[in-house]
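An overview of the molecular structure
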Amino acid sequence: MSVVQGFPPVAAADARLLILGSMPGRASLDAGRYYAHPRNAFWPIVGELLGFAPELPYVQRLQALQAAGVALWDVIAACERAGSLDADIVAGSVHANDFSAFFAVHRQIRDVFFNGAAAEQAFRRHVLPGLALPGLRLHRLPSTSPAHAALDRAAKLAAWSAIVALPNK
């Protein structure tokens, strides 16, 4: 069992929504990039919805997210986990990221979208009880991970279209 550490947030000061994963998988940690596993549908889906090519260089994909008002981060800052699966995270080892500080800087974010159930559950358990942020809207989306094969790409794309359906407030 090894301790794994996540990445810093990708967020412009004027971000209007936040997409949260649980903890990057091994391929992402090894590459030093969010959603680096070649079969993860995150970049193809988000690229299609926000109008950028998912094969753009990583830095340009991050810039496209920020230009669209989308922030990206993970709920978990560090944990013990063998492998890449959320199910392998040792529950008592979870250290959440500092969302109070994050939301203090990113005051326009009112919508948080979870990339899968594990991210939502971790947020509700480790973050929400200590977060004083009334009006925050939480939305669970199907995981883009290749491990979540219950939905095909078209169904995931349809669900993820919620990130572009929000009013610009």
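In this report, the structure presented in the accompanying data block is examined.

Reading the values: rules and limits
- Residues numbered from 1 in each chain as written.
- Predicted model: local features only at pLDDT ≥ 70, side-chain atom pairs only at ≥ 80, totals over all residues.
- Heavy atoms only, no water.
- Salt bridge = Lys/Arg side-chain N within 4 Å of Asp/Glu carboxyl O.
- Helix = DSSP H or I, 4+ residues; strand = E, 2+ residues; numbered from the N terminus.
- Buried < 20%, exposed > 50% of the residue type's maximum accessible area, 1.4 Å probe, protein only.
- Lys, Arg positive; Asp, Glu negative; His and termini not counted.
- Polar contact = N/O pair within 3.5 Å; in protein donor to acceptor, adjacent residues only side chain to side chain.
- Contact = heavy atoms within 4.5 Å.
- Pairing = 2+ DSSP bridges.
- Arc of directions from axis to C-beta.
- Axes fitted to C-alpha atoms, helices over the stretch in contact; angles between N-to-C directions.
- Parallel < 35°, antiparallel > 145°, perpendicular 65-115°, else oblique.
- Left-handed = near helix turned anticlockwise from the far one by under 90°.
- Nonpolar A, V, L, I, M, F, W, Y, C, P; charged D, E, K, R; others polar.
- Phe/Tyr/Trp six-rings, centres within 6.5 Å; stacked < 30°, edge-to-face > 60°.

1. Overview of the pattern of salt bridges
Counted according to the given criterion, the structure contains five salt bridges. Here Arg 124 ties to Glu 120 by a salt bridge, and the two come within 3.0 Å at their closest N and O atoms. Here Arg 124 pairs with Glu 120, and both are found in helix α5 (residues 117-126), just four residues apart, close to one helical turn. The exposure class of Arg 124 is partly exposed, given its relative accessible area of 39%. Notably, a salt bridge pairs Arg 140 with Glu 120, separated by 2.4 Å at the nearest N-O pair.

2. Some remarks on the side chain of Arg 81
Within the secondary structure, Arg 81 is located in strand β4 (residues 76-81). Comment: no salt bridge for buried Arg 81; closest opposite-charge side chain is Asp 86, at 4.8 Å. Here Pro 24 takes part through its backbone oxygen, which lies 2.7 Å from a polar atom of the side chain of Arg 81. When near neighbours in sequence (up to four residues on either side) are disregarded, Arg 81 contacts Met 1, Ser 2, Val 4, Met 23, Pro 24, Gly 25, Arg 26, Leu 29, Asp 88 and Ile 89.

3. Quick word on the sheet that holds strand β1 (residues 2-5)
With antiparallel pairing, three strands are arranged side by side in an open sheet as β1-β4-β5. In this open sheet, the two edge strands, each paired with only one partner strand, are β1 and β5 (95-96). Bridging between β4 and β5 involves two bridges; their strand directions are antiparallel. The residue bridging Ala 78 from the neighbouring strand is His 95, located in β5.

4. Points about helix α3 (residues 58-67)
If you check which residues of α3 are buried, you get Tyr 58, Arg 61, Leu 62, Ala 64 and Leu 65. Buried residues of α3, viewed axially, fall in a sector of 155°; they line one side. Projecting away from the buried face of α3 at angles above 90 degrees are the exposed residues Val 59 and Ala 67. Buried residues along α3 sit in contact with α2 (42-50) and β3 (70-74). Two residues or fewer past α3, Gly 69 is found with a positive phi of approximately 80°.

5. What about the packing of α2 against helix α6 (residues 153-160)?
Here α2 crosses α6 at 50°, and the two axes come no closer than 10 Å. Taken together, the axis directions place α2 and α6 in an arrangement best described as oblique. Note on packing geometry: the crossing formed by α2 with α6 is right-handed. Side by side, α2 and α6 meet where Phe 42, Pro 44, Ile 45, Val 46, Glu 48 and Leu 49 of the first sit next to Arg 153, Lys 156, Leu 157 and Trp 160 of the second. A per-class count over the contact of α2 with α6 returns seven nonpolar, no polar and three charged.

6. A short note on the packing of aromatic side chains
Applying the stated rule across the entire model yields 13 aromatic pairs. On the basis of an interplanar angle of 20° and a centroid distance of 4.1 Å, the ring pair of Tyr 35 and Phe 42 is categorised as stacked. Note on Tyr 35: relative accessible area 14%, which makes it buried. On the numbers, 5.1 Å between centres and 35° between planes, the contact of Trp 73 with Phe 102 is tilted. Highlighted residues: Trp 73 in strand β3 and Phe 102 in helix α4 (residues 99-105), separated in sequence by 29 residues. Here Trp 73 falls in the buried class, since its relative accessible area comes to 6%.

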